[in-house]
Amino acid sequence: MEGVDFQGLFGPNDRNLRLLETMFGCEAYLRGEQMVLSGREPELEEMERTLRRLIAMVQTGRELQSEEIGMVASQVRNGETIDGEVFEAANIYMTGRKKVIKARGPSQDKYLRMIRRSDIVVGIGPAGTGKTYLAVAAAVDALNKKQVKRIILARPAVEAGEKLGFLPGDMQEKVNPYLRPLYDALEDMLVDDKVERLIENGTIEIAPIAFMRGRTLNDAFVILDEAQNTTRLQMKMFLTRLGLNSRAVITGDKTQVDLPGEKMSGLLQIEEILKGIDGIEFIYFNQEDVVRHKLVKDIVRAYQKAGDTEEVS
């Protein structure tokens, strides 16, 4: 294991190594430049594969977090593979706040690489997995590198069957509460006055999906968030807006469809009819990919164990 940054791999006071020992019921220690593992099969094999993936992550300059270690271990146990078993650097450098956005775990790493190579990427999974945040980061990165001329962020403006009419103010003031998560992501990556400036000059547009009708979106990075709450017609309309040199990322959670009546979700439909089309990729996140506070996973599992399957954003 020559050239391995053991300090970065093991963490302060070897806490990462102790965590792995607990997860797999094995023991690990260094003998010179060699790592020695002891335990039972197949736990030894799983721990070794997990360590190899973590080493690859450390070699890209990442600082390992306990949540990432847990996600990688889970991927190994479930038999999921990663391209070449090696992590490529998937950092996105933001110029506004001098912030580096890093993939946290193999699913996010795969997601970012899909966004880079495909014109349409569909990310499906529960809240807290970074689907929207990373898509916005990729869009800002593309804008900074002049790969696109504008960013368009769209969301269904009506959720859980609510109507906009009861809200005070003009149309923009009515829809702003529904679009707030997109503003939050932008403001985390760009200084506030730049966000406002880019919105004012039209470089960044945040709008309900209904505002996309009749348009052709050229030279744009387009994100459709909360896609499970689009109707079939809205989804078709959105997908057919893409113009020259444009790409789209669609995110949603199939367990949170809030459409009234018997309306079918546009996200559920494209999952069936668009698979296999070259240039369109699907990626699925699960509870193990949640990157919020470390207690969130335990809270979600506790509710599921109690029989409550209703999801929250």
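First things first, this report covers the structure right here in the doc.

Rules and cut-offs
Residues numbered from 1 in each chain as written. Predicted model: local features only at pLDDT ≥ 70, side-chain atom pairs only at ≥ 80, totals over all residues. Heavy atoms only, no water. 1 Å grid on protein atoms, 1.4 Å probe; cavity = no way out; pocket = protein on both sides within 12 Å on 5 of 7 lines; lining within 4 Å. Points joined across faces, edges and corners; volume = space filled by probe spheres on them. Nonpolar A, V, L, I, M, F, W, Y, C, P; charged D, E, K, R; others polar. Salt bridge = Lys/Arg side-chain N within 4 Å of Asp/Glu carboxyl O. Buried < 20%, exposed > 50% of the residue type's maximum accessible area, 1.4 Å probe, protein only. Helix = DSSP H or I, 4+ residues; strand = E, 2+ residues; numbered from the N terminus. Pairing = 2+ DSSP bridges. Right-handed = clockwise from strand over helix to strand, strands pointing away. Contact = heavy atoms within 4.5 Å.

**Describing empty space enclosed by the protein**
If you walk through the whole model with that rule in mind, you get 1 cavity of 30 Å³ or more. Of the pockets and cavities examined, the largest cavity occupies roughly 40 Å³. Split into classes, the residues belonging to the lining of the largest cavity amount to 1 nonpolar, 4 polar and 3 charged.

**Quick notes on the pattern of salt bridges**
Scanning the model with the defined rule gives 12 salt bridges in all. For Arg18, the salt bridge identified is with Asp14, shortest N-O distance 3.8 Å. The class for Asp14 is partly exposed, based on a relative accessible area of 31%. Between Arg155 and Asp225 there is a salt bridge whose closest N-O contact spans 2.8 Å. Here Arg155, found in strand β6 (residues 150–155), pairs with Asp225, found in the loop between β8 (220–224) and α9 (232–239); they are 70 residues apart in sequence, far enough to count as distant.

**Side note on the pairing of β8**
Within β8, 5 of the 5 residues are buried, which leaves the element mostly enclosed by the surrounding structure. In β8, alternate side chains face the same way, and those of Ala220, Val222 and Leu224 on one face and Phe221 and Ile223 on the other are all buried. Across 5 bridges, the pairing between β6 and β8 is parallel. Pairing of Arg150 across the sheet is with Ala220, part of β8. With 4 bridges joining them, β8 and strand β9 (residues 247–252) adopt parallel strand pairing. Bridge pairing links Val222 to Ala248 in β9. Between the parallel elements β8 and β9, the chain passes through α9 in a crossover that is right-handed.

**Some words on the environment of Leu217**
By the secondary structure assignment, Leu217 is in the loop between β7 (204–208) and β8. Taking relative accessible area as the criterion, Leu217 reaches 1% and is therefore assigned buried. The spatial distance from the C-alpha of Leu217 to the C-alpha of Arg241 is 5.7 Å, given a sequence separation of 24 residues. The contact partners of Leu217, leaving out residues within four places of it in the chain, are Arg150, Ile152, Met212, Val222, Arg241, Leu242, Gly243, Leu244 and Ser246.

**Focus: unusual backbone geometry**
In this structure, Asp14 is a non-glycine residue whose phi angle is positive, near 60 degrees. Counting through the fold element by element, Asp14 comes out in the loop between α1 (6–10) and α2 (15–24). Backbone geometry places Asn245, a non-glycine residue, at a positive phi of 55 degrees. With respect to the helices and strands, the residue Asn245 is situated in the loop between α9 and β9. Asn245 gets classed as partly exposed once you look at its relative accessible area, which sits at 48%.

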